[in-house]
Amino acid sequence: ARGGDGRAAAAPLDVRWIHGSPSAKYNTDPDIQVHAYDENTVILRQNMAIDYEAPFMFLLFGTARAVLIDTGATASADHFPLRRVVDEVMESWLAGHPRDDYGLLVLHTHPHGDHIAGDGQFTGRPGTEVVDAALDSAWDFFGFHADPDAVARVDLGGRVLECLATPGHHEASVTFY
């Protein structure tokens, strides 16, 4: 469906987010809820029983590489198996879209702990670039130090994300479109 401006109109989200359990000891929900919004967009949510922030993460696929936006609030892969889940989702996507040398880029909305804690799970992962969320690293990557009003473009191959510098919540905050 198309909106009045000719752009693709958003589909209903059609998901019921889990909220964990009153006691983490008896929680039976998955550590990470995975919702395929469409064929190339996956929304991940950390179980609230693991961390009260219950952050959302986004895995977006292009033809050349995928991007994971944010890595959650828990570093431990034993308690929060983000890399395993991302690898499984990517493996499934690649089964339907075979290609060689498919990369993963890890970006962040800002460097608070509930958005970057899982970064270490991607250290040493082949074909993966993790961009540190700190102001100097992230803004250098996007080119915002030279022009904070610029619109940075992250090309995934057939899918381009636009990124804006949006300091406020944190001085290094960025917004993706």
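Overview of the structure. (Residues numbered from 1 in each chain as written. Predicted model: local features only at pLDDT ≥ 70, side-chain atom pairs only at ≥ 80, totals over all residues. Heavy atoms only, no water.)

**Focus: the packing of aromatic side chains**
Summed over all chains, the structure comprises seven aromatic pairs. Taking the centre distance of 5.1 Å and the plane angle of 85° together, the rings of Phe141 and Phe142 count as edge-to-face. A centroid spacing of 6.1 Å and a plane angle of 65° characterise the contact between Phe142 and Phe176, whose relative ring orientation is edge-to-face. A residue pair is termed long-range when its members are at least 10 positions apart, and Phe142 in helix H3 (residues 135-142) and Phe176 in strand E9 (residues 174-176) qualify at 34 residues. Accessibility classification places Phe142 together with Phe176 in one group, the buried group. Grouping aromatic residues by their ring pairs yields a cluster made of Trp139, Phe141, Phe142, Phe144 and Phe176. (Phe/Tyr/Trp six-rings, centres within 6.5 Å; stacked < 30°, edge-to-face > 60°. Helix = DSSP H or I, 4+ residues; strand = E, 2+ residues; numbered from the N terminus. Buried < 20%, exposed > 50% of the residue type's maximum accessible area, 1.4 Å probe, protein only.)

**So, helix H1 (residues 82-96)**
Every α-helix carries 3.6 residues per turn, so stepping three or four residues along brings you back to the same face. Counted at 1.5 Å a residue, the expected span for H1 with its 15 residues is 21 Å, and the 22 Å between its end C-alpha atoms agrees. Contacts made by the buried residues of H1 are with strand E1 (32-38), strand E2 (41-46), strand E3 (56-61), strand E4 (65-69) and strand E5 (103-107). (Expected span 1.5 Å × (residues − 1). Contact = heavy atoms within 4.5 Å.)

**Quick word on the environment of Gly157**
Considering the arrangement of structural elements, one finds Gly157 in the loop between strand E7 (151-155) and strand E8 (160-165). A relative accessible area of 14% places Gly157 in the buried class. Sequence separation between Gly157 and His108 is 49 residues; the distance between their C-alpha atoms is 19 Å.

**A look at H3**
For H3, every residue scored as buried is listed here: Ala138, Trp139 and Phe142. One face of H3 carries all of its buried residues, which in axial projection span an arc of 90°. For H3, the exposed residues set more than 90 degrees away from the buried face come down to Asp136 and Asp140. Those residues of H3 hidden inside the fold are in contact with E5, E7, E8 and E9. Downstream of H3 by one or two residues, Gly143 has phi in the positive range, about 80°. (Arc of directions from axis to C-beta.)

**Here we look at the environment of Pro98**
Mapped onto the fold, Pro98 is located in the loop between H1 and E5. Sequence spacing of Pro98 and Arg65 is 33 residues, and the spatial spacing of their C-alpha atoms is 12 Å.

**Focus: unusual backbone geometry**
At Ala54, a position not held by glycine, the phi torsion is positive, near 45°. Relative to the assigned elements, Ala54 resides in the loop between E2 and E3. Judged by its relative accessible area of 2%, Ala54 is buried.

**What to know about the sheet that holds E7**
Spatial ordering of the open sheet is given by E7-E8-E9, a layout of three strands whose pairing is antiparallel. Strand pairing shows two members of the sheet lacking a second neighbour, E7 and E9, which therefore form its edges. Between one strand axis and the next, the sheet turns through 30° on average, direction left out of account. With five bridges joining them, E7 and E8 adopt antiparallel strand pairing. Directly across from Asp155, in E8, lies its bridge partner Val160. (Pairing = 2+ DSSP bridges. Axes fitted to C-alpha atoms, helices over the stretch in contact; angles between N-to-C directions.)

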